[in-house]
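Here are the chains, one letter per residue:
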Amino acid sequence: MIRFENVSVTYDGVAEPTLRDVDFTVPEGELVLLAGPSGVGKSTLLGAVSGLVPHFTGGVLRGRVTVAGRDTRTHKPRELADVVGTVGQDPLSHFVTDTVEDELAYGMESLGLPPAVMRRRVEETLDLLGLAGLRDRPLATLSGGQQQRVAIGSVLTPHPRVLVLDEPTSALDPAAAEEVLAVLLRLVHDLGTTVLLAEHRLERVLQYADQVALLPAAGAAPLLGAPADVMAVSPVFPPVVDLGRLAGWSPLPLTVRDARRRAADLRERLAAVASSPSSPSAPSASSAASSASPAEARSLGVRRGGVQALRDVSLTVAPGETIALMGRNGAGKSTLLNAFVGLVVPSAGTVRVGGAVPHRTSPRDLVRRVGLVPQEPRDLLYADTVAAECAAADRDARATPGACRALVSELLPGIADDTHPRDLSEGQRLTLALAVVLAARPPLLLLDEPTRGLDYAAKARLVAVLRGLAAAGHAIVLATHDVELAAELAHRVVLLAEGEVIADGPTAEVVVSSPSFAPQVTKILAPQEWLTVAQVRRALR
Amino acid sequence: MADRRSQPQLHPGAWWLWALGLGAAATRTTNPLLLGLLLTVSAYVVTVCRPDTPWSRSYSAFLKLALAVLVVRLVFVVVLGSPIPGTHVLVTLPEVPLPHWAQGIRLGGAVTAEGLLFALYDGLRLATLLVCVGAANALASPSRLLKALPGALYETGVAVVVALTFAPNLIADVHRLRAARRLRGRPDRGLRGLLQVGLPVLEGALERSVALAAAMDARGYGRTADVPAPVRRTTAVLTLGGLLGVCAGTYGLLTAAGGTYGLPVLLAGAVAALAGLRLGGRRSARTRYRPDRWTPRACLTAASGVAVAALLIMAATADPAALNPGVVPLTAPALPLWPAAAVLVALLPAFVHKEPS
């Protein structure tokens, strides 16, 4: 269905080709997962299928890409629109119209399908994706998972034979991700659609893939094969594969179910060596006066635009403690973080950060008490170069000149002074924003969705950095959908739903009992309460 | 859940014609009672008929804008004085002496009841016009109206729709980036803050447009059908010739000498241009999903608006005194009966907009 013949892509102004010697075929009706570290050209490869590379992005494509027998060299993206449906990372930037129903019809209108066919397909797609109740809703009012489903629906209505998706679940909470993947699976099974998708969070997708195409490193030739075979050599792998490698299982398990069946003797060994897992122990709960705590919210309520975003939330953060805020998209996680930095004003209750009321404190004083790395770290960066950014951060924080640059060198070795922040990778940009925030040495550090778009290596580096900060006494609060990250880092997990705290306790207790928030290792080794592969590795040593 | 679209919405053109008819009627009168009646009628229809979309909430914004226009008009009269000769002095402000080159401009001085009243009538007329445009916005969003454009203008229409959805995104970006300044320890208020986020906001907007352009391209935007060369040439000739004809005809109508050829040339030009547009539509292979139709109810709605405009124009020529009550000497305006009845015709859509269930 999709055929790459000796394809290499070189962008203008870049010496090395981004893709080299790509030569494989995706058969009809398969779900193929494209895996690999950041920056190896996954998006470029996906773009080549829809013809956007090179027709839209520029650059030179050597070799030949054919989709359903059409050569992308002679067919522009718009002429492939009836066979390829493409959904990018951000569904909002994909929408042309403003309501769900119009958006579903847009692609068919461009192709000139007869009105009766359009009407029927819109109704079918609404049912297929469970969107019937939302048909008149403006797109901007939908949740992340709903938007992603509409985006998929909007490319499905012309009945493409190939669907190309770039990180369809990155921005979604675990339940919404399941929802989107269930739809994709149904398309593959029932309609015989060929799906090619790239995803960093392999633990969510790997079990559904028929084949995995691995791009091991920038410019390296891809490897296509059965998921278990590819995972045996892959530099990126989900926790279930990590555990399988640790236990020496062959073939490697790809699903929690596979792994559980083989894990009986591992569970026995673990029960023998350690009576209870050494979970990240919380710092000794100090009975210090509450004024000394880095952050405290008492029966906090926030109303925004007629919606009760937070209701009666009480939370105290102790020094050196790491808290993971979890919950659905729109549960109020970001609002709570914003309340701690004074970006939203509470409508009820109080919030204190290091004894001060955030929204009444001047920004200059506030940065010394609390730092927030927003969901889009780029929002924090203004300057043209890393060096200028660091100098500005030192001035803003009234720190000794060079303090921020020293932090950058420590967290992110090998970044040149004159690099433009835009040219950094997602992970590097996040680390730069973190360094900028840390220049003021705030005792409380807040991170909103820090692992979005990060590969496993970048995530591991971030975990190491944050552990170091927590050990140095920084209190850390992170809002995240990434259960594996929470399991690695957090001492405590706070679950939010509809603006209310529905669970608050040690990580092991909270996540173990929840089917959607439990990490893979927990599911495999239940009823023992292990959270991460690292814990198991330490126990077995 | 009952599906709202099972109740098809009226053609957006009908609502715009209705609202513009009311607006045109408002320009014919300064009688505050008639203007008040127009405002009430339009507000009633909006409350009854408006759909539940973000656009329909723009009505209150237009109301505020209209109020602001009225207030500004009054403030100008108080500060700069009014050309209306009046005898009822309400208050005398200290007059600022101006140099001789500013002759004819006055700052401060006497504020008369007549001047204020005249300004109030005049401002109210403008405010009513604005509220009528707001009503059209609330009842049928401009983007729905653009969808009804002929095929040849479709691509322009999409560009306008995209631009319309862009403004709210841009404002959201400005808010987000100004908030981010606070996180850097910089003041998040004030003009400087706004200027410093300018570049990142523009960068973001540009990136979003590029992403949208890519998405639209991949979804088949701009696919064209093959059109034989003679048709293409005819299209070009008709469109260009028609537009030239329209220009020449308008010129003829406006100059004294061209009274005879003006109208025919204008009409011929318009017909040729329309034919060109229609032929040009063949190039686009697009079809329409659930196009809005001119149902009898839509026609009634549009006709009621046009009727109000026509009746008030007639009334204004027949009885100008009733529609433009004098302010010198001060008199209470009276409600002219049959123009008032004519305004009530605009209530028709409120009663016909729903199918009898």
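What you see is a predicted model, and the numbers here were worked out from it, not measured in a lab.

1. As for the packing of helix α16 (residues 403-411) of chain A against helix α17 (residues 426-438) of chain A
The description of two packed helices rests on the angle between their axes and on the distance between the axes.
Residues and elements named next belong to chain A.
(1) Moving on: In the contact formed by α16 and α17, the axes pass within 9 Å of each other and the chain directions differ by 140 degrees. Our pair here, α16 against α17, has a crossing hand that is right-handed. On α17, the residues touching Cys 404, Leu 407, Val 408 and Leu 411 of α16 are Thr 431, Leu 432, Leu 434, Ala 435, Val 436 and Leu 438.
(2) Moving on: Its residues assigned to classes, the contact of α16 with α17 shows nine nonpolar, one polar and no charged.

2. So, helix α22 (residues 533-540) of chain A
Residue and element names in this part refer to chain A.
(1) Moving on: Those residues of α22 that sit buried are Val 533, Gln 535, Val 536 and Ala 539. Down the axis of α22, the buried set is contained in an arc of 160 degrees. They therefore lie on one face.
(2) Moving on: Where the residues of α22 are buried, they touch α10 (239-247), α12 (264-273) and α21 (520-525).

3. Observations concerning the sheet that holds strand β15 (residues 348-353) of chain A
Residue and element names in this part refer to chain A.
(1) Moving on: Within the open sheet, the three strands sit side by side as β13-β12-β15. Their pairing is antiparallel. The strands lining the two open edges of the sheet, one partner per strand, are β13 (307-317) and β15. Ignoring strand direction, the axes of neighbouring strands in this sheet form an average angle of 25 degrees.
(2) Moving on: With seven bridges connecting them, strand β12 (residues 295-304) and β13 associate as antiparallel partners. Counted as the bridge partner of Arg 303 is Gln 308 from β13.
(3) Moving on: Contacting β12, β13 and β15, helix α13 (residues 333-340) crosses the sheet at an angle of about 120 degrees to β12.

4. Some remarks on the UniProt feature "transmembrane region" (unreviewed entry) in chain B
(1) Moving on: The UniProt record marks residues 12-27, 61-81, 152-172, 236-254, 260-277, 298-318 and 330-352 of chain B with the feature "transmembrane region" (unreviewed entry), using the residue numbering of this structure.
(2) Moving on: Secondary structure across residues 12-27 of chain B comprises 100% helix and 0% strand; the distance between its end C-alpha atoms is 23 Å.

5. Focus: unusual backbone geometry
All names here are of chain A.
(1) Moving on: In this model, Ser 250 is joined to Pro 251 through a cis peptide bond whose omega is -5 degrees.
(2) Moving on: When you line up the elements, Pro 251 lands in the loop between α10 and α11 (256-262).
(3) Moving on: Here the phi dihedral of Asp 312 falls at roughly 50 degrees; this positive angle occurs in a residue that is not glycine.
(4) Moving on: Turning to its location among the elements, Asp 312 is positioned in strand β13.
(5) Moving on: On the basis of relative accessibility, which here comes to 55%, the residue Asp 312 falls in the exposed class.

6. So, the side chain of A:Ser110
(1) Moving on: Mapped onto the fold, A:Ser110 is located in helix α4 (residues 100-111).
(2) Moving on: In this structure A:Ser110 touches B:Arg219, B:Gly220, B:Tyr221, B:Arg223 and B:Arg286, once residues within four positions along its chain are discounted.

7. Remarks on the pattern of salt bridges
All names here are of chain A.
(1) Moving on: Inspection of the entire model under this criterion finds 35 salt bridges over all chains.
(2) Moving on: Glu 500 is the partner of Arg 311 in a salt bridge, and the nearest nitrogen-oxygen pair spans 3.3 Å. In this pair, Arg 311 sits in strand β13 while Glu 500 sits in strand β20 (residues 500-506), placing the two residues 189 residues apart along the sequence.

8. Here we look at the nonpolar core
Residue and element names in this part refer to chain A.
(1) Moving on: Leu 300, Phe 340, Leu 434, Leu 444, Leu 445, Leu 446 and Leu 466 are the most contacted members of the largest nonpolar core, which totals 83 residues.
(2) Moving on: By residue number, the principal contributor to this core is α17, which donates eight residues.
(3) Moving on: Every residue in contact with Leu 466, bar those within four places of it in the chain, is listed here: Leu 434, Leu 445, Leu 447, Ile 476, Leu 478 and Leu 489.
(4) Moving on: Among the nonpolar cores identified, the runner-up in size contains 68 residues, and Ala 151, Val 183, Val 188 and Leu 254 belong to it.

Parameters at a glance
Residues numbered from 1 in each chain as written. Chains lettered and ligands numbered in written order. Predicted model: local features only at pLDDT ≥ 70, side-chain atom pairs only at ≥ 80, totals over all residues. Heavy atoms only, no water. Axes fitted to C-alpha atoms, helices over the stretch in contact; angles between N-to-C directions. Helix = DSSP H or I, 4+ residues; strand = E, 2+ residues; numbered from the N terminus. Left-handed = near helix turned anticlockwise from the far one by under 90°. Contact = heavy atoms within 4.5 Å. Nonpolar A, V, L, I, M, F, W, Y, C, P; charged D, E, K, R; others polar. Buried < 20%, exposed > 50% of the residue type's maximum accessible area, 1.4 Å probe, protein only. Arc of directions from axis to C-beta. Pairing = 2+ DSSP bridges. UniProt positions renumbered as here; feature names shortened; annotations may be inferred. Salt bridge = Lys/Arg side-chain N within 4 Å of Asp/Glu carboxyl O. Core = buried A, V, L, I, M, F, W, Y, C linked by side-chain atoms within 4.5 Å.

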